[in-house]
Amino acid sequence: MPKVCTCAYVYGVVQGVGFRYNTQRQAQELGVTGYARNCDDGSVEVVACGELQAVDELIAWFKQGGPRGARVDRVLTEPYPPTEFDKFKIRY
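Residues numbered from 1 in each chain as written. Predicted model: local features only at pLDDT ≥ 70, side-chain atom pairs only at ≥ 80, totals over all residues. Heavy atoms only, no water.

A. Quick peek at the UniProt feature "domain: Acylphosphatase-like" (unreviewed entry) in the protein chain. Look at the UniProt record and you will see "domain: Acylphosphatase-like" (unreviewed entry) annotated at residues 5-92. Within the segment residues 5-92, helix and strand shares are 27% and 41% respectively, and the terminal C-alpha atoms sit 20 Å apart. (UniProt positions renumbered as here; feature names shortened; annotations may be inferred. Helix = DSSP H or I, 4+ residues; strand = E, 2+ residues; numbered from the N terminus.)

Below you can see the structure in the form of structure tokens.
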């Protein structure tokens, strides 16, 4: 299976609701590496690298609303240069 990296910008009520922590847990379950970090505009940036199906599942989870307490209004994705991350981290 080819590895892919995708950058997703998740907009809505996604800060202060455990979004990054839950994203990390979801990514680890899927075997996806990368990171999640809050952006100044209130969105969350997620870089996800792994097998295409696993990355797609993580993006689909965002689009379905993410964790309880979050409200996802929109998700924008773009390709990200292939990068080797050792695990999925929360960046501050």
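B. Molecular detail of the UniProt feature "active site" (unreviewed entry) in the protein chain. UniProt records the feature "active site" (unreviewed entry) for Arg20 and Asn38 in the present numbering. For this annotated set, covering 19 residues, all C-alpha atoms fall within 8.0 Å of each other, a compact arrangement in space. By the secondary structure assignment, Arg20 is in helix 1 (residues 19-30). Not counting the four nearest positions on each side in its chain, Arg20 is found in contact with Ala36, Arg37, Asn38, Val44, Ile90, Arg91 and Tyr92. Tracing the backbone through its elements, the reader meets Asn38 in strand 2 (residues 33-38). Among the polar contacts listed, one links the side chain of Asn38 to the side chain of Arg20, at a separation of 3.4 Å. (Contact = heavy atoms within 4.5 Å. Polar contact = N/O pair within 3.5 Å; in protein donor to acceptor, adjacent residues only side chain to side chain.)

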